[in-house]
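Breakdown of the fold
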Amino acid sequence: MSRYGMNVKFTAQPGQREALADILLEAAELARPDRDCELYIVHVSDTEPDTIWVNEVWSSKDAHDAALALEETRASIQRAMPLIAGVEAISLLPLGGKGL
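Bear in mind that the values here come from a model prediction, so they are computed numbers and not experimental data.

What follows deals with helix α2 (residues 61-68). Within the sequence span of α2, burial applies to Ala63, His64 and Ala67. Projected onto a plane normal to the axis of α2, the buried residues spread over an arc of 100° and lie on a single side.

The antiparallel open sheet is built from 4 strands, whose spatial order is β2-β3-β1-β4. The open sheet terminates on both sides in strands that have one partner only, identified here as β2 (37-44) and β4 (84-92). Averaged over all pairs of adjacent strands, the angle between strand axes in this sheet comes to 15°, irrespective of strand direction. Relative to strand β3 (residues 51-58), strand β1 (residues 4-12) runs antiparallel, the two being bridged by 8 bridges. Residue pairing for β3: Lys9 is matched across the bridge by Trp53. Contacting β1, β2, β3 and β4, helix α1 (residues 17-31) crosses the sheet at an angle of about 165° to β2. Strand contacts of α2: β1 and β3, with the helix running at about 125° to β3, the strand carrying the most contacts.

Among the surface-exposed residues, Leu68, Ile77 and Met81 lie close enough to one another that they form a single nonpolar patch of about 250 Å² accessible area. For Met81, the location among the structural elements is in the loop between α3 (71-80) and β4. For Met81, a relative accessible area of 48% corresponds to the partly exposed category.

Cut-offs and rules
- Residues numbered from 1 in each chain as written.
- Predicted model: local features only at pLDDT ≥ 70, side-chain atom pairs only at ≥ 80, totals over all residues.
- Heavy atoms only, no water.
- Buried < 20%, exposed > 50% of the residue type's maximum accessible area, 1.4 Å probe, protein only.
- Helix = DSSP H or I, 4+ residues; strand = E, 2+ residues; numbered from the N terminus.
- Arc of directions from axis to C-beta.
- Pairing = 2+ DSSP bridges.
- Axes fitted to C-alpha atoms, helices over the stretch in contact; angles between N-to-C directions.
- Contact = heavy atoms within 4.5 Å.
- Patch = residues over 30% accessible without salt bridge, like charges linked within 9 Å, V, L, I, M, F, W, Y side chains within 5 Å.
- Areas by Shrake-Rupley, 256 points an atom, 1.4 Å probe, with all protein chains shown as cover.
- Salt bridge = Lys/Arg side-chain N within 4 Å of Asp/Glu carboxyl O.

This is the structure we're talking about:
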């Protein structure tokens, strides 16, 4: 089965980048024990003050979808929604490289 990846660009409401980043970092901690989550990295842009990037790699799309259905994940999403001005997501098929 192929791995599943996502690059997600979050645009926070003005002045809310840190609060949104904190929620995304909490999501990364929730994913830490999940063996199907191979990578979950939160980045901030040093040129765009309201932008946060999340890079994810999962063992499969089904594993990613299952993680999104968890109660803890849904609660994090609900907390984050008011802080988000926009989302751009790109689904990817990771081929390999350092860390994979």
